[in-house]
Amino acid sequence: MKEDHKIQKQSEGLYQWIVLASFCLNSMSNIFLFTGLSPIWSQVAIYYGTTDYDLNWFTNMYYITLMSSAFLFNPLIIKYFGISQLLSCCFTSLGLWLLLYVKQDYLLGLVSLGLISLGESLYFQVPLRKTYKIIIDLSKLWFAHDQRIISTFIAQYSSNVGMLISYTISSLYFQDIVDESEFNTRYENLILFNAIFATIALVFNLSTLKTPSQHHDIVEIRLTIWESLSKLVMSEESVFDILSISSFIGLSWCYTMLLGTQQYYQGQSFLEVTQTSIYFQVGQIVAGTYCTWKLQKQSKAGIQQDYDSYIKTMISLGFWLLVFEIILFEDIPFIILVFINFFIGAGIGGIYSVLLEALMEKHFPVQELAIGTIFAAVASVIYHNQKQVVSITITMTLVIPKFLEYGFQISCYLMIIPFCYIAVFYKTQFKRFEAEA
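Residues numbered from 1 in each chain as written. Predicted model: local features only at pLDDT ≥ 70, side-chain atom pairs only at ≥ 80, totals over all residues. Heavy atoms only, no water.

Looking at an unreviewed UniProt entry, one finds the chain named Major facilitator superfamily (MFS) profile domain-containing protein and attributed to Paramecium tetraurelia. Its UniProt record gives the chain the following Subcellular location (unreviewed entry) comment, quoted word for word: "Membrane". (UniProt positions renumbered as here; feature names shortened; annotations may be inferred.)

Caption draft 1: A look at the nonpolar core. Grouped together as the largest cluster of nonpolar side chains are 46 residues, with contacts concentrated most on Tyr 307, Ile 311, Ile 315, Ile 351 and Ile 422. Every element with two or more residues in this core is listed here: α7 (148-173), α10 (236-265), α11 (270-300), α12 (307-328), α13 (334-349), α14 (352-362) and α17 (416-424). Looking at this core, the element that brings in the most residues is α10, giving nine residues. Contacts of Ile 351, omitting those with residues within four sequence positions, involve Tyr 157, Cys 291, Tyr 310, Ile 311, Met 314, Ile 315 and Ala 346. Counting residues in hydrophobic clusters, the runner-up holds 32 residues, among them Leu 37, Ile 116, Ile 177 and Ile 191. (Core = buried A, V, L, I, M, F, W, Y, C linked by side-chain atoms within 4.5 Å. Buried < 20%, exposed > 50% of the residue type's maximum accessible area, 1.4 Å probe, protein only. Helix = DSSP H or I, 4+ residues; strand = E, 2+ residues; numbered from the N terminus. Contact = heavy atoms within 4.5 Å.)

Caption draft 2: Broad picture of the environment of Ile 191. Secondary-structure assignment places Ile 191 in helix α8 (residues 180-204). Note on Ile 191: relative accessible area 0%, which makes it buried. Considering only alpha carbons, one finds Ile 191 and Trp 97, 94 residues apart in sequence, at a separation of 7.9 Å. If we ignore the near neighbours within four places in the chain, the residues touching Ile 191 are Leu 33, Tyr 48, Leu 96, Leu 99 and Leu 100.

Caption draft 3: Structural context of a nonpolar patch on the surface. Taken together, the side chains of Tyr 80, Ile 83, Leu 87, Val 203, Leu 206 and Leu 209 define a hydrophobic patch exposed on the protein surface, amounting to about 550 Å² of accessible area. With respect to the secondary-structure elements, Val 203 resides in helix α8. (Patch = residues over 30% accessible without salt bridge, like charges linked within 9 Å, V, L, I, M, F, W, Y side chains within 5 Å. Areas by Shrake-Rupley, 256 points an atom, 1.4 Å probe, with all protein chains shown as cover. Salt bridge = Lys/Arg side-chain N within 4 Å of Asp/Glu carboxyl O.)

Caption draft 4: Summary view of the pattern of salt bridges. Tallied over the entire structure, the rule returns two salt bridges. Between Lys 103 and Glu 188 there is a salt bridge, with the nearest N and O atoms lying 3.4 Å from each other. Here Lys 103, found in the loop between α4 (81-102) and α5 (106-121), pairs with Glu 188, found in helix α8; they are 85 residues apart in sequence, far enough to count as distant.

Caption draft 5: View of the side chain of Ser 27. Tracing the backbone through its elements, the reader meets Ser 27 in helix α1 (residues 2-36). Classification of Ser 27 by relative accessible area gives buried; the value is 1%. Apart from the residues within four sequence positions on either side, Ser 27 is in contact with Tyr 123, Ser 158 and Ser 159.

Caption draft 6: Seen up close, the packing of aromatic side chains. Scanning all chains against the criterion turns up 19 aromatic pairs. Ring geometry for Tyr 47 and Tyr 48: centres 4.9 Å apart, planes at 85 degrees, overall edge-to-face. Judged by centre distance (5.0 Å) and plane angle (55 degrees), the rings of Tyr 48 and Phe 58 are tilted. Pair noted here: Tyr 48 is in the loop between α2 (41-47) and α3 (56-79) and Phe 58 is in helix α3, with a separation of ten residues, a long-range link. Each member of the pair, Tyr 48 as well as Phe 58, carries the same accessibility label: buried. When the ring centre of Tyr 173 is taken as reference, the NZ or CZ atom of Arg 186 above it lies at 5.1 Å. (Phe/Tyr/Trp six-rings, centres within 6.5 Å; stacked < 30°, edge-to-face > 60°. Lys NZ or Arg CZ within 6 Å of the ring centre and 35° of its normal.)

Caption draft 7: Spotlight on the confidence of the model for the chain. Chain-level pLDDT for the chain is 76 on average; 75% of the residues reach the 70-or-more range. Taken together, the stretch residues 384-404 has pLDDT below 50 and engages in 34 contacts with residues farther than four places along the chain or on a different chain. (pLDDT = per-residue confidence, 0-100.)

Caption draft 8: Seen up close, the environment of Thr 428. Along the chain, Thr 428 falls in the loop between α17 and α18 (431-436). Residues Thr 428 and Met 360 lie 68 residues apart in sequence; the distance between their C-alpha atoms is 9.2 Å. In this structure, Thr 428 is in contact with Tyr 307, Asp 308, Ala 358, Glu 361 and Lys 362, ignoring residues within four places of it in sequence. One polar contact links Thr 428 to Asp 308, side chain to side chain, over a distance of 2.5 Å. Within the structure, Thr 428 has its side chain in polar contact with the side chain of Tyr 426 (distance 3.3 Å). (Polar contact = N/O pair within 3.5 Å; in protein donor to acceptor, adjacent residues only side chain to side chain.)

What follows is the structure, encoded as structure tokens:
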């Protein structure tokens, strides 16, 4: 009997990583094309017969759909995690195959981006969620307490890995294109690859329908989803926490576009812009891996995790290097600029999962799903607004050339207030840790 139990436990231990890997494949396939558009933005605008500025409606459609549906899908995600993952994969796959089928039809392309966005709205906050009684999220259902932060990290940063792979492939695959017909063929090949990838992810996510025979976590009381949302919105401290932290995450999502615009203005090449962007993404992943490893060791030792020191140290590193870059951008040798961007990436985007875990500790017993949804919504709005700054900057340059020179600086100076709040006032309260103890 003991031997059978041991075999079952080993089998389930392997299966939990299959479930997590399936979720990661879904996340990567969903973000792939959206990120891959960045290095080829102008050519894609020509492909759809529109302008660089009007192509922003692709991202507008993506975020409008995401923000309008994310909160509505929360009850479905809470009750039917496996089904929500399959629906997410279905929407993503359908959107990509439709985008490939309609080819250069701009309006139907918008519909396709809306479907892909519906796919994200069904998964992007899931790894953060823990719920009342039977309804349990990915981490709580499949992973033990001391595996929580690493499973959250892997699920969260799978999106960053997808962005890094997508940006790199897009940059290399299209760098030598001179003929419009060849670009059109390669662009459609990129969509085809993404559609096949998303379909494979759909098959793998059939694994999420299974429920483990033994739950790894204890039953914990949470507020309902709507009580949680209400408490977060009505609490002054939680509003400041989410706004300040989301500002850094939102900036990390659009930083490469802001800096890339500045680099082109300074006469740097496409290859140089690509290198700084890739190092920025790698910096995020490396920093996230290091912080997670250190906090995982504390978790296994059964001690309170030192979230605040990692948060304040890394954000300070990113912020002050950002200030340094803004002031001396024209005089920085390119090789130094590359390494600075590695550490800026580590500082402003390398502790996403740590920030989320800290917020969950501090605002217990609010549901993690509510925190994740609001957090991602605010960060997405900030990202969207910053991206609009890039578009407006490019447009305004035709009338006011100096606007491009200072657009990047103005966007980054907006980080001063969020940085001061986190560095001086933010402090994690270990409410969840004490309840579990």
